[in-house]
Amino acid sequence: MATEGGGKEMNEIKTQFTTREGLYKLLPHSEYSRPNRVPFNSQGSNPVRVSFVNLNDQSGNGDRLCFNVGRELYFYIYKGVRKAADLSKPIDKRIYKGTQPTCHDFNHLTATAESVSLLVGFSAGQVQLIDPIKKETSKLFNEERLIDKSRVTCVKWVPGSESLFLVAHSSGNMYLYNVEHTCGTTGPHYQLLKQGESFAVHTCKSKSTRNPLLKWTVGEGALNEFAFSPDGKFLACVSQDGFLRVFNFDSVELHGTMKSYFGGLLCVCWSPDGKYIVTGGEDDLVTVWSFVDCRVIARGHGHKSWVSVVAFDPYTTSVEESDPMEFSGSDEDFQDLLHFGRDRANSTQSRLSKRNSTDSRPVSVTYRFGSVGQDTQLCLWDLTEDILFPHQPLSRARTHTNVMNATSPPAGSNGNSVTTPGNSMPPPLPRSNSLPHSAVSNAGSKSSVMDGAIASGVSKFATLSLHDRKERHHEKDHKRNHSMGHISSKSSDKLNLVTKTKTDPAKTLGTPLCPRMEDVPLLEPLICKKIAHERLTVLIFLEDCIVTACQEGFVCTWGRPGKVPAEHFCRQEDRVQGVLQDQN
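Conventions adopted
Residues numbered from 1 in each chain as written. Predicted model: local features only at pLDDT ≥ 70, side-chain atom pairs only at ≥ 80, totals over all residues. Heavy atoms only, no water. UniProt positions renumbered as here; feature names shortened; annotations may be inferred. Helix = DSSP H or I, 4+ residues; strand = E, 2+ residues; numbered from the N terminus. Buried < 20%, exposed > 50% of the residue type's maximum accessible area, 1.4 Å probe, protein only. Contact = heavy atoms within 4.5 Å. Areas by Shrake-Rupley, 256 points an atom, 1.4 Å probe, with all protein chains shown as cover. Pairing = 2+ DSSP bridges. Axes fitted to C-alpha atoms, helices over the stretch in contact; angles between N-to-C directions. Core = buried A, V, L, I, M, F, W, Y, C linked by side-chain atoms within 4.5 Å. Domains from an automatic or database assignment.

- As recorded in an unreviewed UniProt entry, the protein chain goes by WD repeat-containing protein 20 and comes from Oryctolagus cuniculus.
- The record in UniProt for the protein chain states the following under Subunit (unreviewed entry): "Interacts with USP12; promotes translocation of USP12/WDR20 to the plasma membrane. Component of the USP12/WDR20/WDR48 deubiquitinating complex. Interacts with USP46; contributes to the cytoplasmic localization of the USP46/WDR20 complex. Component of the USP12/DMWD/WDR48 deubiquitinating complex."

In structure tokens, the structure reads:
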């Protein structure tokens, strides 16, 4: 599939790359795919997605892997960097007719060695709940497509819940479900719960509780992806209209908004401490947005086509004291600063709070995130203190980041403060350049607008009937040079439900919604490597490796520096020699 890294040709597939941590190396024996290892003909198919879950079994090999390829869905034991993949023995394999899997998500809260709950979304709009260990199919939601007929773009369990899950569609709607409730035999009727700028939330009006519990209508065009904040209290959504919208999930309040430089936004992720959000999309850029300040703080340019996935690396994100001789933490904390660890994300978050404390010594903050795109390239980025805190003196331990055009916008102040997700400390800077939305505080209890709506419904609201919208044929849309998930703008029901204030891109450019390129720092990637023949659709950071996947259906494992057993390199060298002999 690939040749050895280090070549000079632009089209050469790289199998290794080096960063400040050391050498990352592709592990061919840890490659997962369909059992026959034949590249999948990806024309017209949905993106390959990968989900992980750890079952905490006694064998010490509790990682499980799920991925979709065309009409097929596979469930394997994931052996990571330790042992070679055994593709001949999938735990579960399913082939679907008339529809294709588009996305999936494990419930980590309820997973055991004997049972695991896996949600699977489909191109025809249904959502299936299966147990790949017991090989059972327990429930099918939206079975008759009465709730939404369009493709499922994203499905996730609500953090901390054993039964609630959220589903996004290419219609631009999101639905909150409960696995314990049915969907009904007729189309749902809704009543308005809350309405704001380019969004509306409705409850399901029925005599008995049924799915969906809530319906969100967000923006225009497809809702391409959403992500919960680390503490589960906020929800970031990216849409085909080019907007990032961040909501308080419990109170159903809009916290902040950002507009892409142009085109739709396709992917979104949160930093481990919930302070920053990174998006990617059709402008070929990665954009870093501050949750506290509600503004763009940096853009990154390295991709040559649409950015399909962005993700933070919690194991490389670091916080270091500027003077290590004055370190006042415990020995355990000090060791955690020096080594990667499974609880790196949590410990990093706690140390990040030191950055906000007035009596602590200066620290050096470096966030690592990555991106993959339709240009088949993997990019890694470092977000450092000169970008995060441009108006404060840099600490002596700051790590290096390439920055181009690093002109920072002036930091105004309006005296407001926002509590960041997963962090009770006050923010280091006042909210500036923010949208005209009131600051939303974290609700300590669950007695929120959403809970009230789920429990009893809301009276005295106008009841609005919904019409199922028609979607263009997905195979025609899902092409490299066309908008992914783009749908017709003639959706009459959305025009009725959402207050439309058509946003003129020319009017947003140069505003806090969408700063000009010269008004924010422009990052260069630490590395930018072509690692596949087909467009990349997966990027996941694990403790000892990075996992990527391409549209051909190959799920690849990249061993982190110092994390790969010596015998794995021997097996890899033997395989390379065998390939070279076959070529000769």
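## Thoughts on the overall build of the protein chain
Turning to step 1, where the next piece is worked out: Check the secondary structure of the protein chain and you find eight helices and 35 strands.
Turning to step 2, where the next piece is worked out: In the protein chain, buried positions account for 58% of the 584 residues.
Turning to step 3, where the next piece is worked out: In the protein chain, of all internal contacts separated by at least 6 residues, the share reaching a separation of at least 24 is 61%.
Turning to step 4, where the next piece is worked out: Carbon and sulfur atoms make up 49% of the accessible area of the protein chain, which amounts to about 24,300 Å² in all.

## Examining the sheet that holds strand 9 (residues 127-131)
Turning to step 1, where the next piece is worked out: Taken in spatial order, the four strands of this open sheet run 7-8-9-10, and their pairing is antiparallel. Every other strand in the sheet has two partners, leaving strand 7 (101-106) and strand 10 (136-141) as the edge strands with one partner each. Across the sheet, the axes of successive neighbouring strands diverge by a mean angle of 20°, strand direction being ignored.
Turning to step 2, where the next piece is worked out: Where strand 9 meets strand 10, five bridges bridge the pair, whose relative direction is antiparallel. In the sheet register, Gln-128 faces strand 10, and the bridge partner there is Leu-140.

## Digging into the pairing of strand 15 (residues 199-204)
Every regular strand shows the same layout, with side chains that alternate between the two sheet faces.
Turning to step 1, where the next piece is worked out: Of all six residues that make up strand 15, six are buried, and the element is covered over most of its length.
Turning to step 2, where the next piece is worked out: Going residue by residue along strand 15, you find Phe-199, Val-201 and Thr-203 tucked away on one face and Ala-200, His-202 and Cys-204 tucked away on the opposite face as well.
Turning to step 3, where the next piece is worked out: Where strand 14 (residues 190-196) meets strand 15, six bridges bridge the pair, whose relative direction is antiparallel. Considered in strand 15, the bridge of Tyr-190 is made with Cys-204.
Turning to step 4, where the next piece is worked out: Following strand 14, the chain reverses through two residues before pairing antiparallel with strand 15; Ser-198 in that reversal takes a positive phi of roughly 65°.
Turning to step 5, where the next piece is worked out: As judged from the five bridges shared by strand 15 and strand 16 (residues 214-218), these two strands associate in the antiparallel manner.

## Section: the nonpolar core
Turning to step 1, where the next piece is worked out: Of all hydrophobic cores here, the largest spans 23 residues; its most connected members are Leu-166, Met-174, Leu-176, Trp-216, Phe-226, Leu-235 and Phe-249.
Turning to step 2, where the next piece is worked out: Every element with two or more residues in this core is listed here: strand 12 (164-169), strand 13 (173-178), strand 15, strand 16, strand 17 (223-228) and strand 18 (234-239).
Turning to step 3, where the next piece is worked out: Mapped onto the domain boundaries, this core takes at least three residues apiece from domain 1 (14-144 + 151-171 + 173-177 + 210-218 + 540-568) and domain 2 (221-318 + 364-390 + 511-530).
Turning to step 4, where the next piece is worked out: One finds Tyr-32, Leu-87, Val-538 and Ala-549 within the second-largest nonpolar core, a separate group that totals 22 residues.

## Quick word on the sheet that holds strand 4 (residues 63-69)
Turning to step 1, where the next piece is worked out: Pairing is antiparallel across the open sheet formed by four strands, whose spatial order is 3-4-5-6. Only two strands of the sheet have a single neighbouring strand rather than two, namely strand 3 (50-54) and strand 6 (92-95). With strand direction ignored, the average angle separating the axes of adjacent strands in the sheet is 15°.
Turning to step 2, where the next piece is worked out: Note that strand 5 (residues 72-77) and strand 6 share four bridges and pair antiparallel. By the bridge assignment for strand 6, Glu-72 is matched with Ile-95.

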